[in-house]
Amino acid sequence: MPRRTRLASLVAALLLTSACAGSPPSSPSAVPQPAPASPAGSAVAGSAVAGSPADVAEMSGIDVVFLSTMVGHSERTLQIVRLARDRVRDDALRTLAAAIEATEADELSAMRGWLPTAGPGASAVVHHHEGHGDEAALDRLRTAPDADVDRTLREVLADHQRAAADLARAQVGVGRNERVRDLARRIEQSRTAEVELLGGTP
């Protein structure tokens, strides 16, 4: 299935789950603490995701779909940057990749901690982390000559982060749990900034 078709299917799943989710659950709306600055500077929004299990309890199915999808997406991001980091030549690109790795490792840890506390909404969602990155794109990185690694990483990572921004933007519009929506806002902003720094079109 083409990457854009998979992305459209995930966004459609978010919208469909929203339609079936019923009234929004009551959840705290405390604003998370600001994230520490990333190594790449303020253009990349680092995301130290604060919050106790109580903050994300009783999430709707749509919130669970988004979190489980983003877990898979961030796992693939880490694969991408770790696959290429020892071969990158450009210092700015190396710094950006390190910032992305730190940000998404932090987000991934938080999201994995939130999902087991998601409440009844989680039992209705079974999501497998497939299609969060094209295997052909990983093969491009693995087989790229040293002289092409920087360009290949920019292209692969820009496409991957653009998809994350699209998913997060959809969640902001239809999500129910405010803390999860806040995470989605920060993901949309940071991934859009990363795509710009990578030289892609947001």
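For clarity, every value in this text was computed on a predicted model and none was experimentally measured.

**A look at the overall build of the protein chain**
The number of helices and strands found in the protein chain is seven helices and zero strands. Counted from the first residue to the last, the protein chain has its helices and strands arranged as α-α-α-α-α-α-α. Out of the 202 residues in the protein chain, the part that is buried amounts to 48%. Considering only intrachain contacts with a sequence separation of at least 6, the fraction spanning at least 24 residues in the protein chain is 83%. Roughly 9100 Å² of accessible area belongs to the protein chain as shown, and the carbon and sulfur atoms make up 55% of that amount.

**Some words on the nonpolar core**
The biggest cluster of nonpolar side chains holds 18 residues, and the ones touching the most others in it are Ile 80, Ala 84, Leu 141, Leu 153, Leu 157 and Leu 198. Those elements that place two or more of their residues in this core are helix 2 (61–84), helix 3 (91–114), helix 5 (135–143) and helix 6 (149–174). Considering each element in turn, this core owes the most residues, five residues, to helix 6. Once you skip the residues sitting within four places of it in the chain, Leu 153 turns out to touch Ile 80, Ala 84, Val 88, Leu 93, Leu 141 and Ala 158. Listed in part, the 17 residues of the second largest apolar core include Leu 67, Val 71, Val 180 and Ile 187.

**Description of helix 7 (residues 178–197)**
Between its terminal C-alpha atoms helix 7 stretches 29 Å, which fits the 28 Å expected from 20 residues at 1.5 Å a residue. Most of helix 7 is tucked away, with 15 of its 20 residues classed as buried. Positive backbone phi, approximately 90°, marks Gly 199, located one or two places after helix 7.

**Some remarks on the environment of Gln 79**
Tracing the chain through its elements places Gln 79 in helix 2. Residue classification places Gln 79 among the partly exposed positions, given a relative accessible area of 39%. Considering only alpha carbons, one finds Gln 79 and Glu 101, 22 residues apart in sequence, at a separation of 9.3 Å. A polar contact is formed between the side chain of Gln 79 and the side chain of Arg 76, at a distance of 2.6 Å.

**Points about the pattern of salt bridges**
On inspection of all chains with the given rule, the structure shows 19 salt bridges. Arg 191 is the partner of Glu 104 in a salt bridge, and the nearest nitrogen-oxygen pair spans 3.4 Å. Taken together, the positions of Glu 104 in helix 3 and Arg 191 in helix 7 put the pair 87 residues apart, joining distant regions of the chain. Arg 191 carries the same exposure label as Glu 104, and that label is buried. For Asp 182, the salt bridge is made with Arg 186, and the minimal N-O distance between the two is 3.0 Å. Here the residue Asp 182 and the residue Arg 186 both occupy positions in helix 7, the gap between them amounting to four residues, near one helical turn. Given a relative accessible area of 18%, Asp 182 falls into the buried group. Among the charged side chains, a salt-bridge network with shared partners connects Arg 140, Asp 148, Arg 151 and Glu 155.

Rules used in this analysis
Residues numbered from 1 in each chain as written. Predicted model: local features only at pLDDT ≥ 70, side-chain atom pairs only at ≥ 80, totals over all residues. Heavy atoms only, no water. Helix = DSSP H or I, 4+ residues; strand = E, 2+ residues; numbered from the N terminus. Buried < 20%, exposed > 50% of the residue type's maximum accessible area, 1.4 Å probe, protein only. Contact = heavy atoms within 4.5 Å. Areas by Shrake-Rupley, 256 points an atom, 1.4 Å probe, with all protein chains shown as cover. Core = buried A, V, L, I, M, F, W, Y, C linked by side-chain atoms within 4.5 Å. Expected span 1.5 Å × (residues − 1). Polar contact = N/O pair within 3.5 Å; in protein donor to acceptor, adjacent residues only side chain to side chain. Salt bridge = Lys/Arg side-chain N within 4 Å of Asp/Glu carboxyl O.

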